[in-house]
Amino acid sequence: MKKCKICDSSATAMTDTKTQKIYHKCLTCDYIFLDEVFYVDMQREKKHYDKHHNTFESLGYVRMFENIIEEFVLPCKEDIKCTLDFGCGEGEVLPILLEKNGMTCDRYDLFYFPKKVYEGKKYDLILSTEVFEHLQNPLEVLNKLLLHVEKNGYLLLMSAFHPNNDDAFLKWWYIRDITHIGFFNLQTFEYLADKLGLTIIKHNSKNIILFQKREV
Ligand SMILES: [Zn+2]
């Protein structure tokens, strides 16, 4: 039995009979993670991302970020001047939209903007969209990111909340992406908020959640 990467409890295994992939599901925090033997290597991962066309030419993609800014960022805008898009990808759509709304936005991406611009800096808001499902050690990354969030600052994550049902999970389109290796749901995020001193400000029950770092 594997230990959960989020809460260290025991996780039970389930096998996808279509792909023979093994997933481990935590019964405490609901985090589900792909067994490490099924990870793809970094070269293949990069090749996969190069196929994404997440640019201003993709209107649906742009609109999605406009909606996120309107629903999740602008209501807190008085507190937010300085932001970081962690795992921004190639197209810089979200950073440019944030800048149009009067905020600054640093870019970081393991593959496309690898310079660690956030070192020695703190932000009013860190956004990480469609990143956490790709991470081998999400808790480690989250802890690191929180060091760069100001007191009372915000963290916005976007990663599809998994259906909390084994059959539905194994039929879910989101697990078909070969680079998706970890899956959260609201309960996982609630567990993380509690553990890391965060308050959940807002979520859409689907794929987006906004946390605020509590003052300590
Ligand atoms: Zn867990």
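Details of the structure are given in the entry above.
Notes on the structure in this doc start here.

Here is what the cut-offs are and how they apply
Residues numbered from 1 in each chain as written. Predicted model: local features only at pLDDT ≥ 70, side-chain atom pairs only at ≥ 80, totals over all residues. Heavy atoms only, no water. Salt bridge = Lys/Arg side-chain N within 4 Å of Asp/Glu carboxyl O. Helix = DSSP H or I, 4+ residues; strand = E, 2+ residues; numbered from the N terminus. Buried < 20%, exposed > 50% of the residue type's maximum accessible area, 1.4 Å probe, protein only. Phe/Tyr/Trp six-rings, centres within 6.5 Å; stacked < 30°, edge-to-face > 60°. Lys NZ or Arg CZ within 6 Å of the ring centre and 35° of its normal. Contact = heavy atoms within 4.5 Å. Pairing = 2+ DSSP bridges. Right-handed = clockwise from strand over helix to strand, strands pointing away. Donors = N, O, S within 2.8 Å, 3.2 Å for Na, K, Ca; no water. Tetrahedral: all angles 85-135°; square planar, octahedral: opposite > 155°, others 65-115°. Axes fitted to C-alpha atoms, helices over the stretch in contact; angles between N-to-C directions. Parallel < 35°, antiparallel > 145°, perpendicular 65-115°, else oblique. Left-handed = near helix turned anticlockwise from the far one by under 90°. Nonpolar A, V, L, I, M, F, W, Y, C, P; charged D, E, K, R; others polar.

## Details of the pattern of salt bridges
Pairing is possible between side chains of opposite charge, provided their charged atoms come close.
Turning to step 1, where the next piece is worked out: All told, the structure shown has eight salt bridges when counted by the stated rule.
Turning to step 2, where the next piece is worked out: For Arg176, the salt bridge goes to Asp16, with nearest N and O atoms at 2.9 Å. Separated by 160 residues along the polypeptide, Arg176 in the loop between α5 (166-170) and β9 (182-183) and Asp16 in the loop between β2 (10-15) and β3 (22-26) bring together distant segments of the chain.
Turning to step 3, where the next piece is worked out: Taking relative accessible area as the criterion, Asp16 reaches 2% and is therefore assigned buried.
Turning to step 4, where the next piece is worked out: A cluster of three or more residues bridged by salt bridges with shared partners is formed by Glu92, Glu99 and Arg107.

## Digging into the packing of aromatic side chains
Centre-to-centre distance and the angle between the planes together describe a pair of aromatic rings.
Turning to step 1, where the next piece is worked out: With the rule as written, the count across this model stands at 19 aromatic pairs.
Turning to step 2, where the next piece is worked out: Judged by centre distance (4.9 Å) and plane angle (55 degrees), the rings of Tyr31 and Phe184 are tilted. Taken as a pair, Tyr31 in the loop between β3 and β4 (32-34) and Phe184 in the loop between β9 and α6 (186-196) lie far apart in primary sequence, 153 residues in all.
Turning to step 3, where the next piece is worked out: A residue is classified by how much of its surface remains accessible, and Phe184, at 1% relative accessible area, is buried.
Turning to step 4, where the next piece is worked out: The ring of Phe72 has Lys202 sitting right over it, with the charged end atom 5.2 Å from the ring centre.

## A short note on the side chain of His48
Turning to step 1, where the next piece is worked out: Along the chain, His48 turns up in helix α1 (residues 42-50).
Turning to step 2, where the next piece is worked out: Setting aside anything within four residues of it in sequence, one finds His48 in contact with Asp177, Ile178 and Thr179.

## Overview of the pairing of strand β5 (residues 82-86)
Turning to step 1, where the next piece is worked out: Counting buried residues along β5, four of its five residues qualify, which places the element largely inside the surrounding structure.
Turning to step 2, where the next piece is worked out: Here β5 pairs with strand β6 (residues 104-108) via five bridges, running parallel. From the neighbouring strand, Asp85 faces β6, where its bridge partner is Arg107.
Turning to step 3, where the next piece is worked out: One crossover worth recording links β5 to the parallel β6 by way of helix α3 (residues 93-100), and it is right-handed.
Turning to step 4, where the next piece is worked out: As defined by bridge partners, β5 adjoins strand β7 (residues 123-129) across three bridges and the pair is classed as parallel. The residue bridging Asp85 from the neighbouring strand is Leu127, located in β7.

## What to know about the coordination of the zinc ion
Turning to step 1, where the next piece is worked out: Within the protein, the atoms that donate to the zinc ion are Cys4 (SG), Cys7 (SG), Cys26 (SG) and Cys29 (SG), at distances of 2.3 Å.
Turning to step 2, where the next piece is worked out: Taken together, the four donor atoms surrounding the zinc ion define angles of 98 to 119 degrees at the centre, an arrangement classified as tetrahedral.
Turning to step 3, where the next piece is worked out: Coordination of the zinc ion draws on donor residues from a single chain, spaced C-x2-C-x18-C-x2-C in sequence. With a gap of 25 residues between them, Cys4 in the loop between β1 (2-3) and β2 and Cys29 in the loop between β3 and β4 connect regions that are remote in the sequence.
Turning to step 4, where the next piece is worked out: Cys29 gets classed as buried once you look at its relative accessible area, which sits at 0%.

## Some remarks on the packing of helix α4 (residues 138-146) against α6
Turning to step 1, where the next piece is worked out: Between α4 and α6, the shortest axis-to-axis distance is 12 Å and the interhelical angle comes to 50 degrees. The angle between α4 and α6 falls in the class oblique. Judged by the twist between their axes, the crossing of α4 over α6 is right-handed. For the pair α4 and α6, contact is made by Leu139, Leu142, Asn143 and Leu146 and by Leu192, Lys195 and Leu196, respectively.
Turning to step 2, where the next piece is worked out: By residue class, the composition of the contact of α4 with α6 is five nonpolar, one polar and one charged.

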